[in-house]
Amino acid sequence: MYFQEPNLIFFLLYNFMLVSLSIIGQQINLHKKHYWAYMSIAILIFSLTEGLRWGRGTDFNNYYLAYQEISKYKFNTDFEPFFTFLVLACNYLSLDYQSFVFLLSFILILSATIFLQNHKDYLIYSLPLLAFYLFLAENLMRWFLAFSFILISLYYLERKKYLLYIVVSILAFLTHYASIIPIIFIFIIFHIKKIIFPPLVALSIFCILLLTFKPNSMAFIAELIQQIQIANRFSGYQQDAESWFTGENLDMGRLSLSYILNCIYTIVVGYKVFHHTTKRNEIYIYNLALIGSILAPALNQIELFMRINFLFYIFQFYIIAHCFYHVLNKKKKISWPYKLFTWIVLLNFIKMTVISMPFKESPDSLLFIWDSNGKSMINN
């Protein structure tokens, strides 16, 4: 366990953000007409907390190099056109790479608040939970930039503004080509009018995958990928396909106890709370979180598939927030085992944010811009 200064500063700032978002969510629940007035504060707090991070994860360094490459060679690189355009726009405005990192954090939280306009009732829990789930964005920067546009597209899809939905979905695709996979699947799931799996079936699949799935079973996909002619942009994935498709590139591996708790809670308590709903905008979100939870034991062990599945899994934030609201605020009559399970999950979230993330991580993974000592990236 680490008790160095970066860990303590991260603990203070990160938990200040989560508490502030919870308070802001509560105020919006009471004063929905002032949604953007309160959300502007939430956007600022999140953007500062995440946008001023420095040197965290491989993507921070990798995209510093990408930022320099695009700034030098313009559109003569292999990066997707809208991502390239965004870098060049920052370059035109004489913004440095740290400003670009801040911009990505700003776009991410702005897109989330646009999406949440359609889901204002549980913000006291959903806002801090969303920020918690978005922590992975630190090391999947371009992927979550594409996800930002997916969230905005869902806002328009829920409101049946199909032209705007298509336009914003295209922006997501032009930010990261692989985003076409979640875009298609989310669109299909949106049009399913019932919960896909009852809890017994969902739990059975989850447990089977948790106990039996081995990532080396995906080796046949690696062999297939290596035989296909693909663009230079993805040649690195092709050459190292075995690592990407069999879990060798992934540190997370099997699910942690916290992952397992959240998945089972989503499957069991989530179904208890949601199974009577007739609202399409709630049913599809539950189905997304359900699929992400069920497949997590397998896909969490495979780098490329984990990235895709996480965009389903992340909707747990809304399902769990919904459950917390109804169980803890006593909005539904729920038996004591569900209440006990809810308290276990809530206390586990508190443990992760108060102890695990701040004090069990290496100080180098919790740095802010004031720790840079004038460096642009952690290794230069």
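Not measured: the values here are computed from a predicted model.

1. Regarding the packing of helix H15 (residues 280-299) against helix H16 (residues 303-313)
Next up, step 1: Where H15 meets H16, the closest approach of the two axes is 7 Å, and the angle between their N-to-C directions is 150 degrees. Judged on the interaxial angle alone, H16 and H15 are roughly antiparallel. Pair H15 / H16 crosses with left-handed handedness. Facing H15, whose interface residues are Leu288, Ala289, Ile291, Gly292, Ser293, Leu295, Ala296 and Leu299, H16 presents Phe305, Met306, Asn309, Phe312 and Tyr313.
Next up, step 2: Residue composition of the contact of H15 with H16, grouped by class: ten nonpolar, three polar and no charged.

2. Regarding helix H9 (residues 180-190)
Next up, step 1: All of the buried residues along H9 are Pro182, Ile183, Ile186, Ile189 and Phe190. Take H9 and look down its axis: the buried residues cluster within an arc of 135 degrees, on one side only.

3. Some remarks on the environment of Arg307
Next up, step 1: The topology assignment puts Arg307 in helix H16.
Next up, step 2: In the structure, Arg307 is positioned 125 residues away from Pro182 in sequence and 10.0 Å away in space, judged by C-alpha atoms.
Next up, step 3: One polar contact links Arg307 to Glu303, side chain to side chain, over a distance of 2.7 Å.

4. Here's the deal with the nonpolar core
Next up, step 1: Counting residues in hydrophobic clusters, the biggest one holds 120 residues, and the most contacted among them are Phe144 and Phe315.
Next up, step 2: Broken down by element, the residue count for this core peaks at 13 residues, all from helix H7 (residues 141-158).
Next up, step 3: Ignoring any residue separated from it by four or fewer positions in sequence, one finds Phe315 in contact with Phe115, Phe147, Leu151, Leu154, Ile285, Leu288 and Ala289.

5. Re the packing of aromatic side chains
Next up, step 1: According to the stated counting rule, one finds 40 aromatic pairs in the structure shown.
Next up, step 2: When the centroid spacing of 5.1 Å and the interplanar angle of 70 degrees are considered together, the rings of Tyr155 and Tyr156 count as edge-to-face.
Next up, step 3: Tyr155 gets classed as buried once you look at its relative accessible area, which sits at 9%.
Next up, step 4: Seen in terms of ring centroids, Tyr259 and Tyr313 are 5.0 Å apart; in terms of plane orientation they differ by 15 degrees. Their pairing is stacked. Of this pair, Tyr259 sits in helix H14 (residues 257-274) while Tyr313 sits in helix H16, and the two are 54 residues apart along the sequence.
Next up, step 5: A residue is classified by how much of its surface remains accessible, and Tyr259, at 17% relative accessible area, is buried.
Next up, step 6: Assessed through its relative accessible area of 4%, Tyr313 is described here as buried.
Next up, step 7: Directly above the ring of Phe368 sits Arg56, whose terminal nitrogen or CZ lies 4.5 Å from the centroid.

About the cut-offs
- Residues numbered from 1 in each chain as written.
- Predicted model: local features only at pLDDT ≥ 70, side-chain atom pairs only at ≥ 80, totals over all residues.
- Heavy atoms only, no water.
- Axes fitted to C-alpha atoms, helices over the stretch in contact; angles between N-to-C directions.
- Helix = DSSP H or I, 4+ residues; strand = E, 2+ residues; numbered from the N terminus.
- Parallel < 35°, antiparallel > 145°, perpendicular 65-115°, else oblique.
- Left-handed = near helix turned anticlockwise from the far one by under 90°.
- Contact = heavy atoms within 4.5 Å.
- Nonpolar A, V, L, I, M, F, W, Y, C, P; charged D, E, K, R; others polar.
- Buried < 20%, exposed > 50% of the residue type's maximum accessible area, 1.4 Å probe, protein only.
- Arc of directions from axis to C-beta.
- Polar contact = N/O pair within 3.5 Å; in protein donor to acceptor, adjacent residues only side chain to side chain.
- Core = buried A, V, L, I, M, F, W, Y, C linked by side-chain atoms within 4.5 Å.
- Phe/Tyr/Trp six-rings, centres within 6.5 Å; stacked < 30°, edge-to-face > 60°.
- Lys NZ or Arg CZ within 6 Å of the ring centre and 35° of its normal.

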